[in-house]
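One-letter residues, chain by chain:
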Amino acid sequence: QVQLVESGGGLVQPGGSLRLSCAASGSIFSINDMGWYRQAPGKQRELVAAITSRGSTNYADSMKGRFTISRDNAKNTVYLQMSSLKPEDTAVYYCNAEVELGPLSPDYDYWGQGTQVTVSS
């Protein structure tokens, strides 16, 4: 079994910053892509940013220049540094990881429970 636990969400004023963390634990052989998604009320879940095991990154257009994704492979942890936050960034943020459970295992998709980010004055 694999668990993803997010932390770092909360209430922040417009223009402020937050750093989200997501730690994976359990029967992990290796982790390929990791990413952050978000879902606002009444909207579909959308990609925020993703990072490969080698550190290549991909961002949604509206997050480029404001958000930075990074990871620590030794700790099986992915981070999301969010700056210049806007009210429209308010959402539940979910961590995702593509996990191999063994040397010949396919990738399995795991999700965290989500952490609320609220941007409001």
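Above this text you will find the structure in question.
Residues numbered from 1 in each chain as written. Predicted model: local features only at pLDDT ≥ 70, side-chain atom pairs only at ≥ 80, totals over all residues. Heavy atoms only, no water.

Chemist: Describe the overall build of the chain, naming the residues involved and giving the relevant values.
Modeler: Summing up its helical and strand segments, the chain has zero helices and 11 strands in all. When the helices and strands of the chain are read in sequence order from the N terminus, they spell out β-β-β-β-β-β-β-β-β-β-β. For the chain, whose C-alpha radius of gyration is 14 Å, the value lies close to the compact-globule estimate of 14 Å for 121 residues. Seen through its C-alpha atoms, the chain measures out along the principal axes to roughly 50 × 25 × 25 Å. Residue pairs in contact within the chain that sit at least 24 positions apart in sequence constitute 55% of those at least 6 positions apart. As displayed, the chain has an accessible area near 6,400 Å², and 47% of this comes from carbon and sulfur atoms. For the chain, the distance from the average site of its 10 positive side-chain charges to the average site of its 11 negative ones is 6 Å. (Helix = DSSP H or I, 4+ residues; strand = E, 2+ residues; numbered from the N terminus. Rg over C-alpha atoms; globule rule 2.2 N^0.38 Å. Contact = heavy atoms within 4.5 Å. Areas by Shrake-Rupley, 256 points an atom, 1.4 Å probe, with all protein chains shown as cover. Lys, Arg positive; Asp, Glu negative; His and termini not counted. Charge placed at Lys NZ, Arg CZ, Asp CG, Glu CD.)

Chemist: Got a sec to walk through unusual backbone geometry? Specific residues and values, please.
Modeler: Located in the positive-phi region is Asn76, a residue other than glycine, with phi close to 50°. Secondary-structure assignment places Asn76 in the loop between strand E7 (67–72) and strand E8 (77–82). Phi is positive for Ser84, which is not a glycine, with a value near 50°. Mapped onto the elements, Ser84 comes out in the loop between E8 and strand E9 (91–100).

Chemist: Residue-level account of the packing of aromatic side chains, with values.
Modeler: Here the structure, examined in full by the defined rule, presents one aromatic pair. With 5.0 Å between their ring centres and 65° between their planes, Tyr37 and Trp111 make a pair best called edge-to-face. Here Trp111 lies in strand E10 (residues 107–111) and Tyr37 lies in strand E4 (residues 30–39), a separation of 74 residues in the sequence. Classification of Tyr37 as partly exposed rests on a relative accessible area of 24%. Trp111 gets classed as partly exposed once you look at its relative accessible area, which sits at 35%. The side chain of Arg19 reaches across the aromatic face of Tyr79, ending 4.1 Å from its centre. Positioned over the ring face of Trp111 is Arg45, at 4.7 Å from the centre of the ring. (Phe/Tyr/Trp six-rings, centres within 6.5 Å; stacked < 30°, edge-to-face > 60°. Buried < 20%, exposed > 50% of the residue type's maximum accessible area, 1.4 Å probe, protein only. Lys NZ or Arg CZ within 6 Å of the ring centre and 35° of its normal.)

Chemist: I'd like a rundown of the sheet that holds E7, residues and numbers included.
Modeler: Within a sheet, neighbouring strands are paired by backbone hydrogen bonds and run either parallel or antiparallel to one another. Spatial ordering of the open sheet is given by E1-E3-E8-E7, a layout of four strands whose pairing is antiparallel. What marks the edges here is a single partner per strand, and that holds for strand E1 (2–7) and E7. Here the strands of the sheet are splayed against their neighbours by 15° on average, with no regard to which way each runs. (Pairing = 2+ DSSP bridges. Axes fitted to C-alpha atoms, helices over the stretch in contact; angles between N-to-C directions.)

Chemist: Tell me about the pattern of salt bridges, and please be specific about residues and values.
Modeler: Taken as a whole and assessed by the stated rule, the structure comprises four salt bridges. Among the salt bridges present, the one from Glu46 reaches Arg38, with a minimum N-O distance of 2.7 Å. For Glu46, a relative accessible area of 35% puts it in the partly exposed group. With its nearest N and O atoms 3.3 Å apart, the salt bridge here joins Asp61 to Lys64. Accessibility assignment for this pair places Asp61 and Lys64 in one class, exposed. Among the charged side chains, a network of salt bridges with common partners joins Arg38, Glu46, Arg66 and Asp89. (Salt bridge = Lys/Arg side-chain N within 4 Å of Asp/Glu carboxyl O.)

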